Amino acid sequence: MNLTLMELIEKAPWREAVTYRNTWPHEYVLLLKDGQRELMAAVRDRMKAGEALVGRFFGTTPTYLFIGDYKYWFMTHHDVIDLDQDHTEHVLNRVRLYRDRRDFVIQAGDSGKREDYPAEAARE
């Protein structure tokens, strides 16, 4: 049975990233532990097809895929994830969209909480 990407997302056992609950709240699923090969393949393939955008998270440049009210990203760059050969425990994260610049650039002073939002826009 082939499920749509939205169906895969809805069926996934998303769990809270408790380590970041008070600093940068988000959810995640695991490839092997949660059996999410089909979901991760669908997200990875859309990223590889050019549907994703590169953002900034402090000193890193993760690739984000925007779907519905969430943005998704892997802990490993999508270009090196080989779900057919790789038996690594990959992580797919998601966070609800902020609908402001934090969806693309996270900078010092921005904790993810509205009250900590930096007063000045990030500089390129």
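Here is a short report on the structure shown in this document. In this text, all values refer to a predicted model and were calculated from it rather than measured experimentally.

**A few points about the pattern of salt bridges**
Argument step 1. For the structure on display, the rule yields seven salt bridges.
Argument step 2. In this structure, Arg 94 engages Glu 27 in a salt bridge whose closest nitrogen and oxygen atoms are separated by 2.7 Å. Of this pair, Arg 94 sits in strand β7 (residues 91–96) while Glu 27 sits in strand β2 (residues 27–30); the two residues are 67 residues apart in sequence, bridging distant segments of the chain.
Argument step 3. Given the relative accessible area of 10%, Arg 94 is considered buried.
Argument step 4. Between Asp 69 and Arg 99 there is a salt bridge whose closest N-O contact spans 2.8 Å. With Asp 69 in the loop between β5 (63–67) and β6 (70–74) and Arg 99 in the loop between β7 and β8 (105–106), the pair connects residues that are 30 residues apart, well separated along the chain.
Argument step 5. Classification of Asp 69 as partly exposed rests on a relative accessible area of 39%.
Argument step 6. For Arg 99, a relative accessible area of 58% translates into the label exposed.
Argument step 7. Several salt bridges converge on common partners, so that one network encompasses Asp 69, Arg 96 and Arg 99.

**A few points about helix α3 (residues 37–51)**
Argument step 1. Across its 15 residues, α3 extends 19 Å between first and last C-alpha, which sits within 8% of the 21 Å expected from 1.5 Å per residue.
Argument step 2. Within α3, the full set of buried residues consists of Leu 39, Met 40, Ala 41, Val 43, Arg 44 and Met 47.
Argument step 3. Buried residues in α3 make contact with α1 (5–11), β2, α2 (31–34), β5, β6 and β7.

**Section: the sheet that holds strand β1 (residues 15–16)**
Argument step 1. Strand order in the open sheet formed by six strands is β1-β2-β7-β6-β5-β3, with antiparallel pairing between adjacent strands. Of all the strands in the sheet, just β1 and β3 (53–54) have a single pairing partner and so form its edges.

**Considerations on the nonpolar core**
Argument step 1. With 21 residues, the main nonpolar core has Trp 14, Leu 39, Val 43 and Leu 92 as its most contacted residues.
Argument step 2. Counting residues per element, the ones that place at least two in this core are α1, α3, β5 and β6.
Argument step 3. In terms of residues, this core owes the most to one element, α3, which gives five residues.
Argument step 4. Setting aside anything within four residues of it in sequence, one finds Trp 14 in contact with Ile 9, Glu 27, Tyr 28, Val 29, Leu 39, Tyr 72, Leu 92, Asn 93 and Arg 94.
Argument step 5. Trp 24, Tyr 64, Val 95 and Tyr 98 belong to the second-largest nonpolar core, a separate cluster that totals six residues.

Rules and cut-offs
Residues numbered from 1 in each chain as written. Predicted model: local features only at pLDDT ≥ 70, side-chain atom pairs only at ≥ 80, totals over all residues. Heavy atoms only, no water. Salt bridge = Lys/Arg side-chain N within 4 Å of Asp/Glu carboxyl O. Helix = DSSP H or I, 4+ residues; strand = E, 2+ residues; numbered from the N terminus. Buried < 20%, exposed > 50% of the residue type's maximum accessible area, 1.4 Å probe, protein only. Expected span 1.5 Å × (residues − 1). Contact = heavy atoms within 4.5 Å. Pairing = 2+ DSSP bridges. Core = buried A, V, L, I, M, F, W, Y, C linked by side-chain atoms within 4.5 Å.

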